[in-house]
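Listed below, chain by chain, are the residues.
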Amino acid sequence: MDQKISQTYKSQNFDNRVNNAKIKYIILHYTETKTLKQAIKLLCSDVRRVSSHFVIDEFGNIFNLVDEDKRAWHAGESSWHKETRINDLSIGIEIVYEGEKSKRKYSDSQINSLIILINYLKEKYKIKQSNILGHSDIAPLRKIDPGVFFPWERLFKNKIGIWPKELKKNKKKNRDLSNKEFILFLKNLEKIGFNIINFEADFNMNKFIINAFHRHYLVDHLDKKPSYFSYIVSQEIIKLTD
């Protein structure tokens, strides 16, 4: 990898991957801190007992906190495609960023470094594009990072992740879903990988899951009921899933 990875800081918050589990996911987080110093304090704390394999600071510098062959404690209670041992199966990357409340974009230097790091890891571990996810994807009931300002489309343009092709939002595509279409939409979310879906419940009972999908692919739909356009995008994501 062309970019230097610093070994300046090390976290003791890790253990062994169960049965030497194969790495198949990359999970992206934000630190919810203003500075690297605050992030390191959090990720190396023997009280909070959380960590990640890598952290990228405000200037795009990359730090390795936990060896890749070890299990960092970043995913918490989470699941994807019925798999629940996400920490065993993943590499966790934290980005120093205050969170959605800051209402600001990630810096170009951070995203440029992230792209280099992910492409390196993706090639090294043969990780599928559809397995590059946000914390909010795998833990939608409790997490929202990397947030609405995270540039998923920019990553896709750099051969990372999946993204729906350009779809023009006309009035028909923006209409409300019928009850039958709503169930089909929920089934699409399950096919994509989301869990904890209640097929017998309404939007409000499935809001966190639907928000996680919109947060990743259709930010302008956040906190809104899914539209027919949401359904079309979910269909497109399934087609792109490798």
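Above this text sits the structure in question.
Keep in mind that what you see is a predicted model, and the values were worked out from it rather than measured.

Reading guide: rules and limits
Residues numbered from 1 in each chain as written. Predicted model: local features only at pLDDT ≥ 70, side-chain atom pairs only at ≥ 80, totals over all residues. Heavy atoms only, no water. Phe/Tyr/Trp six-rings, centres within 6.5 Å; stacked < 30°, edge-to-face > 60°. Helix = DSSP H or I, 4+ residues; strand = E, 2+ residues; numbered from the N terminus. Buried < 20%, exposed > 50% of the residue type's maximum accessible area, 1.4 Å probe, protein only. Lys NZ or Arg CZ within 6 Å of the ring centre and 35° of its normal. Pairing = 2+ DSSP bridges. 1 Å grid on protein atoms, 1.4 Å probe; cavity = no way out; pocket = protein on both sides within 12 Å on 5 of 7 lines; lining within 4 Å. Points joined across faces, edges and corners; volume = space filled by probe spheres on them. Salt bridge = Lys/Arg side-chain N within 4 Å of Asp/Glu carboxyl O. Core = buried A, V, L, I, M, F, W, Y, C linked by side-chain atoms within 4.5 Å. Contact = heavy atoms within 4.5 Å. Lys, Arg positive; Asp, Glu negative; His and termini not counted. Polar contact = N/O pair within 3.5 Å; in protein donor to acceptor, adjacent residues only side chain to side chain. Axes fitted to C-alpha atoms, helices over the stretch in contact; angles between N-to-C directions. Parallel < 35°, antiparallel > 145°, perpendicular 65-115°, else oblique. Left-handed = near helix turned anticlockwise from the far one by under 90°. Expected span 1.5 Å × (residues − 1).

Comments concerning the packing of aromatic side chains
Here comes step 1: Across all of its chains, the model carries 10 aromatic pairs by this definition.
Here comes step 2: Seen in terms of ring centroids, Y30 and Y97 are 5.6 Å apart; in terms of plane orientation they differ by 45°. Their pairing is tilted. With a gap of 67 residues between them, Y30 in strand 3 (residues 25–30) and Y97 in the loop between strand 7 (90–95) and helix 3 (108–125) connect regions that are remote in the sequence. The same class applies to Y30 as to Y97, namely buried.
Here comes step 3: The ring centre of Y228 lies 4.3 Å from the NZ or CZ of R175, which sits over that ring.

Quick word on the sheet that holds strand 1 (residues 5–6)
Here comes step 1: If you trace the 6 strands from one edge of the open sheet to the other, you get 1-5-4-7-3-8, paired in mixed fashion. In the strand order of this sheet, the two ends are held by strand 1 and strand 8 (132–134), each with one partner.
Here comes step 2: In this structure, strand 3 lies alongside strand 7, joined through 6 bridges in parallel fashion. Looking at the pairing, Y25 lines up with S90 of strand 7.

Regarding empty space enclosed by the protein
Here comes step 1: Enumeration over the complete set of coordinates arrives at 1 cavity of 30 Å³ or more.
Here comes step 2: In this structure, the largest cavity encloses a volume near 40 Å³.
Here comes step 3: Around the largest cavity, the lining residues are S136, D137, I144, P146, G147, W152, A212, R215 and H216.
Here comes step 4: Listing elements by their share of the lining of the largest cavity, those giving two or more residues are helix 4 (135–138) and helix 7 (207–217).

Here's the deal with the pattern of salt bridges
Once the charged atoms of two side chains with opposite charge are near each other, the side chains can pair.
Here comes step 1: On inspection of all chains with the given rule, the structure shows 13 salt bridges.
Here comes step 2: A salt bridge links K124 to E68; its shortest N-O distance comes to 2.9 Å. You can see K124 sitting in helix 3 and its partner E68 sitting in the loop between strand 5 (62–64) and strand 6 (70–72), a full 56 residues away along the chain.
Here comes step 3: Note that R215 and E100 form a salt bridge whose closest N and O atoms lie 2.2 Å from each other. Highlighted residues: R215 in helix 7 and E100 in the loop between strand 7 and helix 3, separated in sequence by 115 residues.
Here comes step 4: We classify R215 as buried; its relative accessible area is 10%.
Here comes step 5: Here E100 falls in the buried class, since its relative accessible area comes to 17%.
Here comes step 6: Salt bridges here are not isolated pairs; linked through shared partners, they connect D15, R71, R85 and D88.

Focus on the nonpolar core
Here comes step 1: The biggest cluster of nonpolar side chains holds 58 residues, and the ones touching the most others in it are I93, L114 and L189.
Here comes step 2: Those residues in contact with L114 that lie beyond four places of it in its chain are L28, I56, I93, I95, F150 and L155.
Here comes step 3: In this structure, L36, L43, V55 and V66 belong to the second largest nonpolar core, which totals 10 residues.

Looking at the side chain of E94
Here comes step 1: Mapped onto the elements of the fold, E94 is located in strand 7.
Here comes step 2: Of the side chains with opposite charge, K143 lies nearest to the buried E94, which makes no salt bridge, at 7.7 Å.
Here comes step 3: One polar contact links the side chain of E94 to the main-chain amide nitrogen of T31, over a distance of 3.3 Å.
Here comes step 4: Those residues in contact with E94, other than ones at most four positions away along the chain, are H29, Y30, T31, L43, S52, F54, V55 and I56.

Points about the environment of N179
Here comes step 1: Position of N179 among the secondary structure elements: in helix 6 (residues 179–192).
Here comes step 2: N179 gets classed as exposed once you look at its relative accessible area, which sits at 69%.
Here comes step 3: For the pair N179 and P164, spaced 15 residues apart in sequence, the C-alpha to C-alpha distance is 24 Å.

Remarks on the packing of helix 6 against helix 8 (residues 228–240)
Here comes step 1: The N-to-C vectors of helix 6 and helix 8 enclose an angle of 30°; their axes lie 9 Å apart at closest approach. On the basis of their axis angle, the class for helix 6 and helix 8 is roughly parallel. When you trace helix 6 past helix 8, the crossing you get is left-handed. In this structure, helix 6 contributes E181, L184, F185, N188, K191 and I192 to the contact, and helix 8 contributes Y228, S230, Y231, S234, Q235, I237 and I238.

As for helix 8
Here comes step 1: Helix length check: helix 8, at 13 residues, gives a terminal C-alpha distance of 19 Å against a target of 18 Å (1.5 Å per residue), a fit within 8%.
Here comes step 2: Residues of helix 8 that are buried: Y228, F229, S230, Y231, I232, V233, S234, E236 and I237.
Here comes step 3: Packing partners of the buried residues in helix 8 comprise helix 6 and helix 7.
Here comes step 4: One side-chain oxygen at the N-terminal end of helix 8 lies 3.2 Å from the backbone nitrogen of F229; it belongs to S227.

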